[in-house]
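Geometric and topological summary
The residues making up each chain are set out below.
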Amino acid sequence: MILAVTVAVLVTGGVYLTLQRSMVRAVFGMTMISHAANFMLLASGVSAWRGEPINGRTDVAVAADPLPQAFVLTAIVITLAITIFMLSTAVFGHDDDQYRLPETGEER
């Protein structure tokens, strides 16, 4: 139940931030959605009540599936690379949504 609520809160916050005009907020929103997807992948592995997937120490029938854990590690690396790329894009774009003209105070 706690995991489902955590995923719901992360997805809700991520969608809210992604719909904002600021590029930095959109990046953080996509990162939150990615974390929610990682939680979903980890929950599919049901490693909480299974043994370690080490050959020779645990019977294969009761060992946890290491594939979701490998997927999550790969997803973390990809998310980090995409977040860095999107934040660098926001820096080079100067986040124009927050820029105001000095004489009128209006947004472009």
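Under an unreviewed UniProt entry, the name given to the chain is Na(+) H(+) antiporter subunit C, and the source organism is Brevibacterium yomogidense. Check the Subcellular location (unreviewed entry) section of the UniProt entry for the chain; it says "Cell membrane". Check the Sequence similarities (unreviewed entry) section of the UniProt entry for the chain; it says "Belongs to the CPA3 antiporters (TC 2.A.63) subunit C family."

Concerning the UniProt feature "transmembrane region" (unreviewed entry) in the chain
UniProt records the feature "transmembrane region" (unreviewed entry) at residues 70-92, using the numbering of this structure. Between the C-alpha atoms that bound residues 70-92 there is a distance of 33 Å. The span itself is 100% helix and 0% strand.

Quick look at the packing of helix α2 (residues 23-44) against helix α3 (residues 66-92)
Packing of α2 against α3 leaves a shortest axis separation of 10 Å and a crossing angle of 180°. Here α2 lies roughly antiparallel to α3, going by the angle between them. Contacts between α2 and α3 involve Met23, Val24, Val27, Thr31, Ser34, Asn38, Leu41, Leu42 and Ser44 on the former and, on the latter, Pro68, Gln69, Phe71, Val72, Ala75, Ile76, Thr79, Thr83, Met86, Leu87, Thr89 and Ala90. Residue classes in the contact of α2 with α3 are distributed as 13 nonpolar, 8 polar and no charged.

A few points about the environment of Thr83
Along the chain, Thr83 falls in helix α3. Since its relative accessible area comes to 16%, Thr83 is described here as buried. Distance from Thr83 to Thr31, taken between C-alpha atoms, is 7.1 Å for residues 52 residues apart in sequence. Beyond its immediate chain neighbours, meaning those up to four positions away, Thr83 contacts Val27 and Thr31.

Conventions and cut-offs
Residues numbered from 1 in each chain as written. Predicted model: local features only at pLDDT ≥ 70, side-chain atom pairs only at ≥ 80, totals over all residues. Heavy atoms only, no water. UniProt positions renumbered as here; feature names shortened; annotations may be inferred. Helix = DSSP H or I, 4+ residues; strand = E, 2+ residues; numbered from the N terminus. Axes fitted to C-alpha atoms, helices over the stretch in contact; angles between N-to-C directions. Parallel < 35°, antiparallel > 145°, perpendicular 65-115°, else oblique. Contact = heavy atoms within 4.5 Å. Nonpolar A, V, L, I, M, F, W, Y, C, P; charged D, E, K, R; others polar. Buried < 20%, exposed > 50% of the residue type's maximum accessible area, 1.4 Å probe, protein only.

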